[in-house]
Amino acid sequence: MRIAIIGAGAATVGLLDALAVSGTGMGEVTVFELSAYLWRGRPYGPDLDSVLVNAPPAIMSIRHQDSGHYASWLGPERAAAHRDDLLGQPLVPRALYGAYLADTAEAGLAALRERGWRTRVVAARVVAVARSGEGLRLALRTEDGHDHPADRVVVCVGGGTPQDHYGLGGAPGFVGDPYPLAYTLGHVPAAADVAVIGSGLTAVDVVVSLAARGHAGRIALVSRSGMLPHVWQRPLGHRPVHLTVERVNALCREHGCVTLDDLAGLLRAELAGTGEDFADFTAELLAAGSEEPVRRLRRQLAAVDDPRIGRRVLQETAHTVGPYAWRLLPGPDRERLRRHVRLATSTASPMVPVNAAALLRLFESGQLTMMAGVRKIEAAKGGFRVRGDGGDLNADVAVNAVNPPPQAVPRAAEPLVTSLLTDGLAALHPSGGLVPADPRLNVVGDLTGGGPFITSGIPGVAAAGARTVRGLLDTQTG
């Protein structure tokens, strides 16, 4: 069996690792990736040391159902060198996590070769996939005009391109995509007043990295919601026993679907096991929409050691159970969740305490401010004018830190996706993303059609890769 994988980021690493540890099958794997930074994708390429992995090691393992795989790779020396005293866990620069992904991918390829698989990495962008040989195979066309036959194709092209919501592209001083920050922030004058568009994890990265570079100008976080990410708490080692994939699957078998009330019931049972009140927990969660951002940041930073498990369970299961449960929810329940998209993403994708502490220092010194209710940002003479509900703000530089929407098509993959749609190999899902229309095609990662509105975390990507590998091997043996 010839397997072609388009893209070489974290999703592909999860695929290769799952294929390598399966111990079965034999064939050929070809990975197509034009970037020089194989296996890292957009998030984990070389960058500033201030750009940290935003999660503890237990939920950053690319090996499905092996939460210690990444921690084992780190080892005690690197773990100690990068320990965050507030979290009590190692938090490494994202580029170092990229080295973990690269080592895992190369180890997976070596293991496959030892079992007799042929492996190749082709430095070319795939622009089309079509049926070939009377439909018995698929043919991949690369940008250089070459065709490559395959029996199975897996699309792992990563997330979309950041959107320019305010039409600032081309304006002097506008940074449309902040990554890599080592490059983009190098062009920001040290005394410039900077408007960071957004208030999520990317915005936090930008602010913390500006401060780490000794930026002297004023910095403003400008967004519609004004809601900062939650703050990670110290892991307690609690393993969910109610809110699990197994329990969700059992409910689905019993009732034919899973509702939001079912999931809330599982979380209620999880909290009851430690004597916590579900109503109090949800009330505190919903208050995030109205609480003053700096006050909330200070309170959550002080609660890093809070022994209550509620937020910890919700944050972990959003990435482990969430992608599976989302597909089982009825449409109205999905829409209920979508109405709370900013709160959901703030909760499920928290910032690490060391970054929260850096933000709080900047807020308290007056160098950093928050502007919510932004209605318009426009290029003005010599800079930018931000218009919000509470007045206007002027800046010399505007950095777009708004994350790409989930299931959006990356700009570089647009010709490929157009080809898949034209040839009937895939269809667009009504809520975004790509749905295979041919059993020989698979999609893994953020482009997966019908996925949740929370960007895929590493556990979800690893689980999807393992499921895809099982399907590929079942097809081969069948």
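Structure's up top.
Below is a short write-up of the structure. (Residues numbered from 1 in each chain as written. Predicted model: local features only at pLDDT ≥ 70, side-chain atom pairs only at ≥ 80, totals over all residues. Heavy atoms only, no water.)

## Some remarks on the pattern of salt bridges
Phase 1: Under the defined criterion, the tally for this structure stands at 25 salt bridges.
Phase 2: Among the ionic pairs, Asp-306 bridges to Arg-308, the shortest N-O distance being 2.8 Å.
Phase 3: A salt bridge links Arg-440 to Asp-438; its shortest N-O distance comes to 2.9 Å. Per residue, the accessibility class of Arg-440 equals that of Asp-438, and both read buried.
Phase 4: Ionic contacts of the salt-bridge type, sharing partners, join the residues Glu-284, Glu-291, Arg-299, Asp-306 and Arg-308 into one network. (Salt bridge = Lys/Arg side-chain N within 4 Å of Asp/Glu carboxyl O. Buried < 20%, exposed > 50% of the residue type's maximum accessible area, 1.4 Å probe, protein only.)

## Observations concerning the sheet that holds strand E11 (residues 194-197)
Phase 1: The strand order E10-E17-E11-E12-E13 describes an open sheet built from five strands, whose pairing is parallel. The sheet is open, and its two edges are formed by strand E10 (174-175) and strand E13 (368-371), each paired on a single side.
Phase 2: Judged from the two bridges that link them, E10 and strand E17 (residues 397-400) form a sheet pairing that is parallel. Following the sheet pairing, Phe-174 is matched in E17 by Ala-398. (Pairing = 2+ DSSP bridges. Helix = DSSP H or I, 4+ residues; strand = E, 2+ residues; numbered from the N terminus.)

## Here's the deal with the pairing of strand E8 (residues 147-150)
Phase 1: Along E8, the buried face is formed by His-148 and Ala-150; none of Asp-147 and Pro-149, which line the opposite face, is buried.
Phase 2: Here four bridges tie strand E7 (residues 137-142) to E8, and the two strands are oriented antiparallel to one another. Across the sheet, the residue bridging to Arg-141 is Asp-147, located in E8.
Phase 3: Here E7 folds back onto E8, and the loop between the two strands holds four residues, one of which, Gly-145, carries a positive phi near 90°.

## Side note on the packing of helix H6 (residues 245-255) against helix H7 (residues 260-272)
Phase 1: Between H6 and H7, the least distance of the axes is 11 Å, while the angle of their chain directions is 140°. The angle between the axes of H6 and H7 places the two elements in the oblique class. The crossing of H6 and H7 is right-handed. Together, Arg-247, Val-248 and Leu-251 of H6 and Asp-262, Leu-263 and Leu-266 of H7 make up the contact between the two elements.
Phase 2: Residues belonging to the contact of H6 with H7 are distributed by class as follows: four nonpolar, no polar and two charged. (Axes fitted to C-alpha atoms, helices over the stretch in contact; angles between N-to-C directions. Parallel < 35°, antiparallel > 145°, perpendicular 65-115°, else oblique. Left-handed = near helix turned anticlockwise from the far one by under 90°. Contact = heavy atoms within 4.5 Å. Nonpolar A, V, L, I, M, F, W, Y, C, P; charged D, E, K, R; others polar.)

## Observations concerning the sheet that holds strand E15 (residues 383-388)
Phase 1: As summarised here, the arrangement of the three strands in space is E14-E15-E16, forming an open sheet in which the pairing is antiparallel. The open sheet has two edge strands, strand E14 (374-380) and strand E16 (391-395), and neither has a second partner. Each adjacent strand pair in this sheet contributes to an overall mean axis angle of 20°, direction not counted.
Phase 2: Two strands pair when backbone bridges link them, and E14 and E15 are joined in this way by six bridges, in the antiparallel orientation.

## Considering the packing of aromatic side chains
Geometrically, a pair of aromatic rings is defined through the distance of the ring centres and the angle of the planes.
Phase 1: Counted under the stated rule, the structure contains six aromatic pairs.
Phase 2: With a centroid separation of 5.1 Å and an interplanar angle of 80°, the aromatic rings of Tyr-70 and Tyr-97 are classed as edge-to-face. With a gap of 27 residues between them, Tyr-70 in helix H2 (residues 69-81) and Tyr-97 in helix H3 (residues 94-114) connect regions that are remote in the sequence.
Phase 3: Residue classification places Tyr-70 among the buried residues on the basis of a relative accessible area of 2%.
Phase 4: Here the aromatic rings of Tyr-70 and Tyr-100 are separated by 4.9 Å at their centres, their planes lie at 50°, and the arrangement is tilted. One end of the pair, Tyr-70, is in helix H2; the other, Tyr-100, is in helix H3, and 30 residues separate them in sequence. (Phe/Tyr/Trp six-rings, centres within 6.5 Å; stacked < 30°, edge-to-face > 60°.)

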